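Chains, contacts and geometry: an overview
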Amino acid sequence: MFRSKKTKALTFAVFLAPALLCYSLFFVYPLIQGVRYSFTDWNGIVPEVPISFDKAEFEERILPRLAKTDQAALIRVYALDAEGVYKRENLDPKTMAGLKSIFNSIGITPIKFIGLDNYREMFNSTLDPRFLPSFATKKVFDKKEALPAQISAPHSKGLLKSRLGSEERMLLDSVYSVDGGGRRLQEEYREVTLFNLLYGYSSLDFDEIEAELEQLKQMAAEHRSEQQAFARIDGIKTLAAQNAEDREAVRSILSRYYKVFCTKELLDQYLVENDYRFGVIGFTLFFTLFNVILANLLALVLALILDQKLRMSSLLRSIFFLPNILSLVIVAFVWSFIFNRILPSLTGIEVWLGSSRLAPYLVVFVAVWQGCGYLMIIYLAGLQSIPRNLREASSIDGASPLKRFVHVTLPLMAPAITICLFWSMANSLKTFDIVFALVGNSSYVTDTTPIVLDIYFDAFNRNRFGYATAKAIFLCGIIVFLTGIQLYFMKKRETQL
Amino acid sequence: MIISPGDATNMNFLKRLSLSLLVMLPVSLSRAQAAPVKLNLFFYKQEIREALKEMAVAFSKKNPDIQIETEMVPNDSLTVLKSRLASGAAPDIMQLQAYSNVAEFAAAGYLLDLSGEAVVKKVIPNAMDSVNFKGKVYALPMDFGAIGILYNKDLFKKHGLAAPATYRELQIVANKLNAAGITPFAGLLKANWSSGHFFAMLHSTMTGSSEKTLTWVQKMDSGQSSWGEGIDTRKFFSIADFYKGNMAKGAVEWDWNEQQAAFATGKAAMMVQGLWSYLPAIKTNPQLNVGFVPFPASNKADEVKFFADVDSTFAISATASKPKTEAAKKFFNWLATKEGIKMWTEKCQLAPTFKDASVKEMPEPFRDLMSHVNKHGSYPWEFAMYPVAVWEDATKNGAQGYFFGKTTPEQFIKSFDFAWQKAAAAKGKK
């Protein structure tokens, strides 16, 4: 079709120019501002346009340094009040922006440039210990808790036997009886039992006893021998004041307490598994990897199934798409309910979202469940755009269903795959809402903090706007880099096929 | 940010967004009109949403030329408030958490100096520290909050237990409850703020007095002290262990709703919470018979006091126009009148800070609190004096990490001191 220069110019003026203007206004300008803030230590509270000035400061230090028009702009906004202070009232954004640049021109700003410090802090694990992945050992038992009533078979077999010395083995055998493959805590070593027995002897001086118990706990932590502990128990003054029978009984209680403390130390130390912490970066990448792969695989499989001539296919499509139209808050609410109430009573495993071992997988699971319906629709569209005669031709040529899928369907679906991978990768890298709603305030302890959540906490809980912006810029870089690589390779393949 | 029940559910996240959008509209429209003066009151305590509206109406009846629009942002209210301030659309009256938040906004110049106002003199003198910044008064202290043990009186009676007055009694109570198959403490570990409250409460209690706490805070600011100075850290963590050890097994997943449900239905006999959770508990189960005692961290009964301090305050924006400022001051004066105080205590059910206020009409736990505090004194809310990052991150996340078994005592102390140093250094630069 012939188009004159005039039409082209018109198209540009009507459609492209406004778009470009909006683009620079709403994307390029904020981005540049963002990069600027990322080099500062701004806390996000102190206003860039001060609210009040002393009279002297305003008249002598600020006004003289400004041009006439700028002076007038300031005087329009700041008024001298009865107490000799120049004050401003609420301003509209335009005036605010104008004043901001006036103040910036004479160096009055609460924002201090600190160079690359924010970026350095991010990658320094002493300054920000949660950002980068780190290696640690994870405890199965924490000595703060009461001794577990049971030790499961794999734990008692695998972990305990390999590393224990003979004395430790004897201690364990006396406190825990063997029960099938695992072990069971003897009734006489339950702390509740011991406590009730001990406080039955009302003539004891409990201040002394409690101080001694703390000492015994300390001795257990220092791995002193039982003889030393028993000697300490024999030296307790309030015991000497009891009659012989009571003395023996209390002594036995205290020595059992010591054994309990020692067992706790032992379990605390040996019931561990080597583990690593994702950190913010690690979890973001973990989430992205699994979410992209699983959501796309599942969506592709669903799309292939629903592309068949099934009776219920349109109903099924709606059903699989349904999670996508639910608000994420509802999704999180429903799944929290399932994880907190239903699964514990079904499986006997009590802690789901609160466990750092399970929580990362559960978060991915919910995200996949919620997101794959959308991808499925794109794949379906891709499948249905493949001309039927191509598939029929290949089947007449004798290609098996698998061969037809690999050599005909898949290559023709390449554009859909590219779009889906790109979309889900960019979205996974900046995931926020699902994690916020599912694990919210315990995301650091369950090791499920994606980078956007970390940025949110930095900016609004810890008042570190500059630092949060630096992380956001870093994230922007990661997204551009990863999706760029992915697009490059996918596009290349698309043209080859 | 201190959280009252608002933090409880994540549902509020969306509500917050839509609310703030909705409310921005009338704010911008209200500028065009000359009379009557419209005030925008921004607050975060969701349990007084209805009551505060009623108070605004009652005030407008007396002052027909002033209208007050109340706007509640329950969850992460500071996030919303900060962005409002930064964009130049400051609310005329703001409900702020005492101490750090008041000081921080005052330092940035957002708050009006109230030093000379008559209404300030009607406040109990020892409440004034909480709104003081560089010798000037920047807000009106409004309610006393307290954190302690809420216990189920009927359940205690049934098992022949008395309210614990010392740590040892608390241990005995917990053991007897355990033996009877009742969870002693309804925990709340999924959200980090409750763990943070517990740590700050224990630390403040073990430090021993307001004066010692204030000196400690000053020393921390100058970098000459550590979290563990002046307290027996080993005892501190053994009490924390005791607390965690007496929660239900799945308590790491308990949030506000689970905690309230367990307490209100009698599955758990006690909860360590602020008095603000009394009303929701009563709403869940109107038959509930609740008592309130301080958390005993000591075996000496005279060292056991409530962890109580000024909770919320009202402040006026420094950028509000003259007529609005005058109107807001009128509202503050009305708050201190008989009518204002009566509505505050009876409708909002918050413990008042005015000298001539009476709490006779309030429910029993409030009277428990006021009489105990009047007789024995209280320990200050030291977390409200921490620099924001120390409270929000080092304390809340650190304490939660400890209860989850992720952070050792040494790590907690180290990161607490480090965060305070960093905050103090940042303050020094400005």
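Residues numbered from 1 in each chain as written. Chains lettered and ligands numbered in written order. Predicted model: local features only at pLDDT ≥ 70, side-chain atom pairs only at ≥ 80, totals over all residues. Heavy atoms only, no water.

1. Points about the overall build of chain A
Scanning chain A for helices and strands turns up 22 helices and eight strands. What you see for chain A is a C-alpha radius of gyration of 34 Å, clearly larger than the 23 Å of a compact globule of 497 residues, by over 25%. Principal-axis analysis of the C-alpha atoms places the extent of chain A at approximately 115 × 95 × 35 Å. Here chain A holds 497 residues, and the buried ones make up 43% of them. Partitioning the intrachain contacts of chain A with sequence separation of at least 6 by distance along the chain shows that 74% fall at a separation of at least 24. When the accessible surface of chain A is summed, it comes to about 26,400 Å², and 63% of that surface belongs to carbon and sulfur atoms. On chain A, the mean spot of the 54 positive side-chain charges and the mean spot of the 48 negative ones are 14 Å from each other. (Helix = DSSP H or I, 4+ residues; strand = E, 2+ residues; numbered from the N terminus. Rg over C-alpha atoms; globule rule 2.2 N^0.38 Å. Buried < 20%, exposed > 50% of the residue type's maximum accessible area, 1.4 Å probe, protein only. Contact = heavy atoms within 4.5 Å. Areas by Shrake-Rupley, 256 points an atom, 1.4 Å probe, with all protein chains shown as cover. Lys, Arg positive; Asp, Glu negative; His and termini not counted. Charge placed at Lys NZ, Arg CZ, Asp CG, Glu CD.)

2. Re the pattern of salt bridges
Inspection of the entire model under this criterion finds 37 salt bridges over all chains. The residue Lys471(A) makes a salt bridge to Asp128(A) at a minimum N-O spacing of 3.1 Å. Here the residue Lys471(A) occupies a position in helix H22 (residues 465-496), and Asp128(A) occupies one in the loop between helix H5 (117-122) and strand S4 (134-139), the gap between them amounting to 343 residues. For Asp128(A), a relative accessible area of 9% translates into the label buried. A salt bridge links Glu222(A) to Arg224(A); its shortest N-O distance comes to 3.0 Å. Through salt bridges with shared partners, a single network forms among Asp128(A), Arg130(A), Asp454(A), Asp458(A), Arg462(A), Lys471(A) and Asp393(B). (Salt bridge = Lys/Arg side-chain N within 4 Å of Asp/Glu carboxyl O.)

3. Concerning the interface of chain B and chain A
At the interface, 59 residues of chain B touch 61 residues of chain A. Overall, the association of chain B and chain A removes approximately 5,500 Å² of surface from exposure, summing both partners, and the carbon and sulfur fraction of that is 50%. For the chain B face of the interface with chain A, the top three residues by lost area are Lys190(B), Glu253(B) and Lys406(B), together amounting to 12%. Run the count over chain B and chain A and you get six salt bridges. (Buried area = accessible area lost by both parts, 1.4 Å probe.)

4. Brief notes about the sheet that holds strand S3 (residues 85-87) of chain A
Residue and element names in this part refer to chain A. Strands sit in the order S1-S3-S2 across an open sheet of three strands; the sheet is antiparallel. Of all strands in the sheet, those bounded by a partner on one side alone are strand S1 (52-54) and strand S2 (79-80). In the sheet, S2 pairs with S3 via two bridges, with the strands oriented antiparallel. Paired with Leu80 across the strands is Tyr86, a residue of S3. (Pairing = 2+ DSSP bridges.)

5. A closer look at the sheet that holds strand S6 (residues 140-141) of chain B
Residue and element names in this part refer to chain B. Spatial strand order, S2-S1-S3-S12-S6: five strands in an open sheet with mixed pairing. What marks the edges here is a single partner per strand, and that holds for strand S2 (66-72) and S6. Bridge count between S6 and strand S12 (residues 312-316): two bridges; the pairing is antiparallel. Bridge pairing in S12 places Leu140 opposite Phe314. Of the strands in this sheet, strand S1 (37-43), S2 and S12 touch helix H2 (residues 49-62), which is tilted by about 170° from S2. (Axes fitted to C-alpha atoms, helices over the stretch in contact; angles between N-to-C directions.)

6. Re the state of the cysteines
By definition, a disulfide links the sulfur atoms of two cysteines through a covalent bond. A full pass over the atoms with the stated rule returns zero disulfides over all chains. For the unlinked cysteine Cys372(A), the closest cysteine sulfur is that of Cys420(A), found at 11 Å. (Disulfide = S-S within 2.5 Å.)

7. Describing the pairing of S2(B)
Residues and elements named next belong to chain B. Pairing of S1 with S2, which is carried by seven bridges, proceeds in the parallel orientation. From the neighbouring strand, Lys38 faces S2, where its bridge partner is Gln67. Once the chain exits S1 it traverses H2 before rejoining the sheet at S2, and the crossover so formed is right-handed. (Right-handed = clockwise from strand over helix to strand, strands pointing away.)

8. Quick word on the side chain of Thr469(A)
All names here are of chain A. Relative to the elements of secondary structure, Thr469 occurs in helix H22. For Thr469, a relative accessible area of 16% puts it in the buried group. At 2.6 Å, the side chain of Thr469 and the backbone oxygen of Phe465 are in polar contact. Setting aside its immediate chain neighbours within four residues, Thr469 contacts Gly34, Tyr37 and Ser38. (Polar contact = N/O pair within 3.5 Å; in protein donor to acceptor, adjacent residues only side chain to side chain.)

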